[in-house]
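Here's the letter readout for the chains.
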Amino acid sequence: MDPRLLIAPPSAAPYPTPFWFIELFKVLGFALHVWPMNLWYAGTIVAVLLGVLGKDNGRTVGKHIARALPFAIAFGVNFGIIPLLFVQVAYHQFFYPATILMAWPWFAVFWLVTVAYFGAYLYRLAIYDRGPVLLGKLGGWFAAFAFIVVGFIFANALSLMTNVGGWWSIFRGAETAGAATGAALNTGDPTLIPRWLFMFGLALTSTAAFIAIDAAFMSDRDGDDYKRYAGRFAFGLYTLGLLWFAGFGSWYIFGTRSVEWGMAMAHPVMKFVFLLTAVSPGLPWLLILFQWKQPKRALAALLGVAQFGVIALNAISRQWVQNIELGRFTDLAARPVSVQWSVLITFLLIFVFGVAVVAWMISKMVQVNRREAESA
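Residues numbered from 1 in each chain as written. Predicted model: local features only at pLDDT ≥ 70, side-chain atom pairs only at ≥ 80, totals over all residues. Heavy atoms only, no water.

Here's the deal with the overall build of the chain
Condition: Each helix is a run of H or I in the DSSP string that is no shorter than four residues. Each strand is a run of E no shorter than two, and both are numbered from the N terminus. Radius of gyration means the value over C-alpha atoms here, while the globule rule gives 2.2 Å times the residue count to the 0.38 power. Note on classification: 1.4 Å probe, protein chains only; a residue is buried when its accessible area is under 20% of the maximum for its type, exposed when over 50%, partly exposed between these limits. Working rule for contacts: check all heavy atoms of both residues, and any pair within 4.5 Å makes them a contact. Surface accessibility in these figures is a Shrake-Rupley result with a 1.4 Å probe; residues are shielded only by whichever protein chains are displayed. Neither His nor the chain ends is counted toward charge; the positive residues are Lys and Arg and the negative residues Asp and Glu. Think of each charge as sitting on NZ of Lys, CZ of Arg, CG of Asp or CD of Glu.
A tally of regular secondary structure across the chain gives 13 helices and two strands. Taking 2.2 N^0.38 as the reference for a compact globule, 376 residues should give roughly 21 Å; the C-alpha atoms of the chain span a radius of gyration of 22 Å, in line with that estimate. If you line up the chain on its principal axes, its C-alpha atoms span 70 × 45 × 45 Å. Counting across all 376 residues of the chain, residues that qualify as buried make up 49%. In the chain, the proportion of contacts linking residues at least 24 apart, taken out of those at least 6 apart, comes to 83%. In the form shown here, the chain has an accessible surface area of approximately 18,000 Å², with 72% of it arising from carbon and sulfur atoms. Side-chain charges in the chain split into 26 positive and 16 negative, and the spacing between the mean points of these groups amounts to 4 Å.

Have a look at this one:
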């Protein structure tokens, strides 16, 4: 069957904002979502493993990750609304069929994240002796498992969006009396597993960056010995994440022999962007190395910006490839535009206000930690 027959016609309504604006905030919102999301994606399993296997300073590293998890989950979920909003504005012809084919796993994301959020809270309370220990540990392990499953489901949904050629066979494999059961996954797509594991490698680097930043800004009460240990641990974890990132990224790009990746890298500007994306984790790695003996706040702040740059470059590269993949079926940029200024201005004001509130909350956490360290 011609895959184009499975795609719904484009919406008769024009875009409410120019296509470049949709792309900008889809990528920016995704990067803002991924930075904290990476901490609960890979950081939760690191925290619970350190709680079992770590000793002294190692356990303290795990406790600091657990301490940040409730905030990271809240920030990640709220920032995730932005890319999801713009996906539904411009990519609804592909997003809705994909998530209908896998409706039950997609619906399960809501429950998994909600219960895992509760589990992360229980774990945080337990390790700080403010809640039932056994229940808290079970909550931590459930949260770690649930977030990895959520990452797998998201990798399915986003890869299935562009796997239009596989929709019919996926539907035929999970249908009853001609109706989709919603129980399908995109497991036949050769890009799924390397893409999922590649994103986990990126999450490991973000978790390592967080540990180094936390040591510089939020660990005054733990002393210089802990800070030096956290710096060394962050360097080791970032190195592991970097190797993971490179290995599974190479499998994802070259091992699956994607025609679209080849087309994307043929563009002279994007060839440079892809190269920059590939080497970008080197800067945060060096910034952590420079803090091996003693974390420094200026370098830690720069590390946070550099790691956001790594995530943003990956988002830009992936968005470019996604547009090429879907460009075989429709020209997304060709839709008419009728700017809805009231909605657009309201969105921008809320976005700026929301980012400012998050920045203010983080600054207050740093201030409270500093006052507690001075009074200890």
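Some points on a nonpolar patch on the surface
Spelled out, the test is: Each patch is built from salt-bridge-free residues with over 30% relative accessible area, joining like charges within 9 Å and nonpolar side chains (Val, Leu, Ile, Met, Phe, Trp, Tyr) within 5 Å. Every case where a carboxyl oxygen of Asp or Glu lies within 4 Å of a side-chain nitrogen of Lys or Arg is listed as a salt bridge.
Taken together, the side chains of L49, V52, L53 and W141 make up a nonpolar region of the molecular surface, amounting to roughly 400 Å² of accessible area. At three residues, helix α1 (residues 19–53) tops the list of elements feeding residues into the nonpolar patch. Among the structural elements, W141 can be located in helix α5 (residues 133–162). Its relative accessible area of 38% is what places W141 among the partly exposed residues.

Description of helix α4 (residues 103–127)
Under the convention used in this document: What a helix is expected to span follows from its residue count: subtract one and scale by 1.5 Å.
Helix length check: α4 (25 residues) gives 36 Å between terminal C-alpha atoms against 36 Å at 1.5 Å per residue, within 8%. Of all the positions in α4, only P105, V109, L112, V113, A116, G119, A120, L122, Y123, R124 and A126 are classed as buried. Looking at the buried positions of α4, the neighbouring elements they touch are α1, α2 (57–90) and α5. D129 sits one or two positions beyond α4 and adopts a positive phi of about 60 degrees.

Notes on unusual backbone geometry
A positive phi angle, near 50 degrees, is found at D56, a position not held by glycine. Considering the arrangement of structural elements, one finds D56 in the loop between α1 and α2. Looking at D56, the relative accessible area reads 67%, which means it is exposed.

Description of the packing of α5 against helix α7 (residues 192–217)
Rules: Note on geometry: axes are C-alpha line fits, over the in-contact stretch for helices, and angles between N-to-C directions span 0 to 180 degrees. Angular relationships are summarised with four words: roughly parallel below 35 degrees, roughly antiparallel beyond 145, roughly perpendicular across 65 to 115, and oblique for the angles in between. Each crossing gets its handedness from the near helix: less than a right angle anticlockwise from the far helix is left-handed, clockwise is right-handed. We call Asp, Glu, Lys and Arg charged. Ala, Val, Leu, Ile, Met, Phe, Trp, Tyr, Cys and Pro are nonpolar, and the rest, Gly among them, are polar.
Here α5 crosses α7 at 130 degrees, and the two axes come no closer than 9 Å. Between α5 and α7, the interaxial angle falls into the category oblique. You can see that α5 and α7 cross each other, and the crossing is right-handed. For the pair formed by α5 and α7, the contact residues are I148, G151, F152, A155, N156, L158 and S159 on the first element and L192, I193, R195, W196 and F200 on the second. Residue composition of the contact of α5 with α7, by class: eight nonpolar, three polar and one charged.

Section: α1
The condition is simple: Bend is computed residue by residue as the angle between axes fitted to the seven residues ending at the residue and the seven residues starting at it.
Look at α1: 49 Å from first C-alpha to last across 35 residues, which is about the 51 Å you get at 1.5 Å a residue. Maximum bend of α1: about 45 degrees, positioned at G43. Here α1 lies mainly inside the structure; 27 of its 35 residues are buried.

A short note on the nonpolar core
Note the following rule: Working definition of a nonpolar core: buried Ala, Val, Leu, Ile, Met, Phe, Trp, Tyr and Cys residues. They are joined through side-chain atoms within 4.5 Å.
Membership of the largest hydrophobic core comes to 98 residues, with the highest contact counts inside it found for I65, Y91, F94 and I211. Discounting chain neighbours no more than four positions away, the residues touching Y91 are F19, E23, K26, F86, M161, Q319, Q322, N323, L326 and L332. A264, F274, L313 and I324 belong to the second largest nonpolar core, which has seven residues in total.

A closer look at the pattern of salt bridges
Taken as a whole and judged by the stated rule, the model has two salt bridges. Between D214 and R67 there is a salt bridge whose closest N-O contact spans 3.2 Å. Highlighted residues: D214 in helix α7 and R67 in helix α2, separated in sequence by 147 residues. The residues D214 and R67 share a single accessibility class, namely buried. As a salt-bridge pair, R318 and E325 come within 2.6 Å of each other at their nearest N and O atoms. You can call R318 buried: its relative accessible area is 15%. Taking the relative accessible area as the measure of exposure, E325 reaches 10% and is therefore buried.

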